[in-house]
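The residues making up each chain are set out below.
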Amino acid sequence: MIKPKLETLQVLRAVAALCVVVFHANDIAYILKLTETPHFILMHLGDLGVNLFFVLSGFIIFYIHAKDLGLPEQARRYTWRRFSRVWPLYALITLANCGVLFVIGSNQVNGAEIVSSLLFLQAKPIVNVGWTLVHEAFFYVLFGIAIVGGRKFGMWLVTCFALIAIYTQWTTQPSESLYGWIFATQKWYFISGLGLACLLTDPTKQLAGTAAQKFAGSLFGLLITTAVVVGILGDAADELSFHLTMSLGLAAMVGLCIWSERTMNLRMPRLLVYLGDASYSIYLVHSSAIFHLVKLTKRYMPSLCTNHLTMTLCCISFIAVLGGISCYELVEKRLIRWIR
């Protein structure tokens, strides 16, 4: 049911990245006091884009590495591929941001903050979108454990994690403790993406395909039932119900897009596919680029910010996306070829 290359996923990654770009342009304008109130709808695009990224990550990790489950000898290769895909470029962008802050005379960062950001130990890393990579890395670790433990162990691991997360979010208020972070609502999006990949597994090509589909059905049944029950019970658990519903909705949307591509042989727009390929670089670069460009515009061309703010933000966002594309072509692609 799934073909080797899914261009739909790249298009959705492009959409997610552009949602985050629009959100940060709106948010930065508010932070720099160019507008009194951020646009209500645009402020929610950031959450939508990030959560869609998480669903896609959950899907892709199973889609690529399902064959490695139960093969402990593949754990080392899996770990290196995940590490080399995420960390080197993130580290370079982090150090580049530190260099910019040093040149402009900012004293906002110190050595400890740089190290903790690079090691994913900083709650507010220097590259502000880095907080999402901490959740990503946690999911990679769980899947690595499943590779060593095997398919059945992996199914039980996901099920137990989901049950503990439901209990934690149902009975306690959100907290900044390690326990609260481990079972944070962001994890539902990874789980939904993983379940979708299991559901779309072709049972004729994988011995465990039927088992994966049954597991996906049970998992989605648990999440849907929990979302309905929790939603009925009232305000005490609204956040849990909302994120379960949102994660299931995004997973359904992704699944529908994949199904449409496969059954209708849809051709995806080349530009969006390319932006999806470059989405990681765009994601890491855009926020800092927008922030510094808006500050420069505010300082040297204040009339643009005062009289033409929307057009100015659109132009700056476009430049930031071009910066991300340049990073993809000049740095990310070469870095991946060199590492692998």
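Residues numbered from 1 in each chain as written. Predicted model: local features only at pLDDT ≥ 70, side-chain atom pairs only at ≥ 80, totals over all residues. Heavy atoms only, no water.

1. Quick word on the packing of helix α5 (residues 130-149) against helix α6 (residues 151-171)
Link 1 in the chain: One way to put it is that α5 packs onto α6 with a least axis distance of 8 Å and a crossing angle of 145°. In this structure, α5 contributes F138, L142, I145, A146 and G149 to the contact, and α6 contributes F153, G154, L157 and F161.
Link 2 in the chain: Grouping the amino acids of the contact of α5 with α6 by side-chain chemistry returns seven nonpolar, two polar and no charged. (Axes fitted to C-alpha atoms, helices over the stretch in contact; angles between N-to-C directions. Helix = DSSP H or I, 4+ residues; strand = E, 2+ residues; numbered from the N terminus. Contact = heavy atoms within 4.5 Å. Nonpolar A, V, L, I, M, F, W, Y, C, P; charged D, E, K, R; others polar.)

2. As for the pattern of salt bridges
Link 1 in the chain: Inspection of the entire model under this criterion finds three salt bridges.
Link 2 in the chain: Note that E7 and R270 form a salt bridge whose closest N and O atoms lie 2.7 Å from each other. Of this pair, E7 sits in helix α1 (residues 7-31) while R270 sits in helix α11 (residues 270-277), placing them 263 residues apart in sequence.
Link 3 in the chain: Its salt-bridge partner being E332, residue R85 comes within 2.9 Å of it at the nearest N-O pair. (Salt bridge = Lys/Arg side-chain N within 4 Å of Asp/Glu carboxyl O.)

3. Re a nonpolar patch on the surface
Link 1 in the chain: Together, V100, F102, V103 and I104 line one region of the surface with nonpolar side chains, adding up to about 450 Å² of accessible area.
Link 2 in the chain: When you line up the elements, V103 lands in helix α3 (residues 75-103). (Patch = residues over 30% accessible without salt bridge, like charges linked within 9 Å, V, L, I, M, F, W, Y side chains within 5 Å. Areas by Shrake-Rupley, 256 points an atom, 1.4 Å probe, with all protein chains shown as cover.)

4. Brief notes about the environment of L42
Link 1 in the chain: One can find L42 in helix α2 (residues 40-65).
Link 2 in the chain: Between the C-alpha atoms of L42 and I126, which are 84 residues apart in sequence, the distance is 23 Å.
Link 3 in the chain: Apart from residues lying up to four places away in sequence, L42 is in contact with V22, F23 and N26.

5. Brief notes about the packing of α2 against helix α8 (residues 187-199)
Link 1 in the chain: Running from N to C, α2 and α8 point in directions that differ by 40°, and their axes come no closer than 7 Å. By the criterion of interaxial angle, the relationship of α2 to α8 is oblique. Between α2 and α8 lies a crossing of right-handed hand. Each of N51, F54, V55, S57, G58, F59, F62 and Y63 in α2 lies in contact with α8, whose residues at this interface are Y189, F190, G193, L194, L196, A197 and C198. (Parallel < 35°, antiparallel > 145°, perpendicular 65-115°, else oblique. Left-handed = near helix turned anticlockwise from the far one by under 90°.)

6. Details of the nonpolar core
Link 1 in the chain: One finds F59, W188, V254 and L284 to be the most contacted residues of the largest nonpolar core, which totals 92 residues.
Link 2 in the chain: Sequence-distant contacts of V254, defined by excluding residues within four places in its chain, comprise L9, L12, L52, V55, L56 and L196. (Core = buried A, V, L, I, M, F, W, Y, C linked by side-chain atoms within 4.5 Å. Buried < 20%, exposed > 50% of the residue type's maximum accessible area, 1.4 Å probe, protein only.)

7. Quick word on empty space enclosed by the protein
Link 1 in the chain: According to the stated counting rule, one finds two cavities of 30 Å³ or more in the structure shown.
Link 2 in the chain: Reported here for the largest cavity is a volume of approximately 300 Å³.
Link 3 in the chain: If you go around the largest cavity, you meet 20 residues; those closest to its centre are F143, A146, G154, V158 and L194.
Link 4 in the chain: Of all the secondary structure elements, the ones that give two or more residues to the lining of the largest cavity are α5, α6, α8 and α9 (209-233).
Link 5 in the chain: Ranked by residue count, the leading element in the lining of the largest cavity is α6, at six residues.
Link 6 in the chain: Here the residues of the lining of the largest cavity are counted per class, giving 17 nonpolar, one polar and two charged.
Link 7 in the chain: Volume-wise, the second largest cavity comes out at about 40 Å³.
Link 8 in the chain: Of all the secondary structure elements, the ones that give two or more residues to the lining of the second largest cavity are α3 and α14 (309-339).
Link 9 in the chain: Residue classes in the lining of the second largest cavity are distributed as six nonpolar, one polar and two charged. (1 Å grid on protein atoms, 1.4 Å probe; cavity = no way out; pocket = protein on both sides within 12 Å on 5 of 7 lines; lining within 4 Å. Points joined across faces, edges and corners; volume = space filled by probe spheres on them.)

8. Points about the state of the cysteines
Link 1 in the chain: Counted by the stated rule, this structure contains zero disulfides.
Link 2 in the chain: We note that C160 lacks a disulfide partner, and the nearest cysteine sulfur, in C198, lies 15 Å from it.
Link 3 in the chain: Free of any disulfide, C257 has its nearest cysteine sulfur in C19, 13 Å distant. (Disulfide = S-S within 2.5 Å.)

Read these as spatial facts, not as claims about activity.
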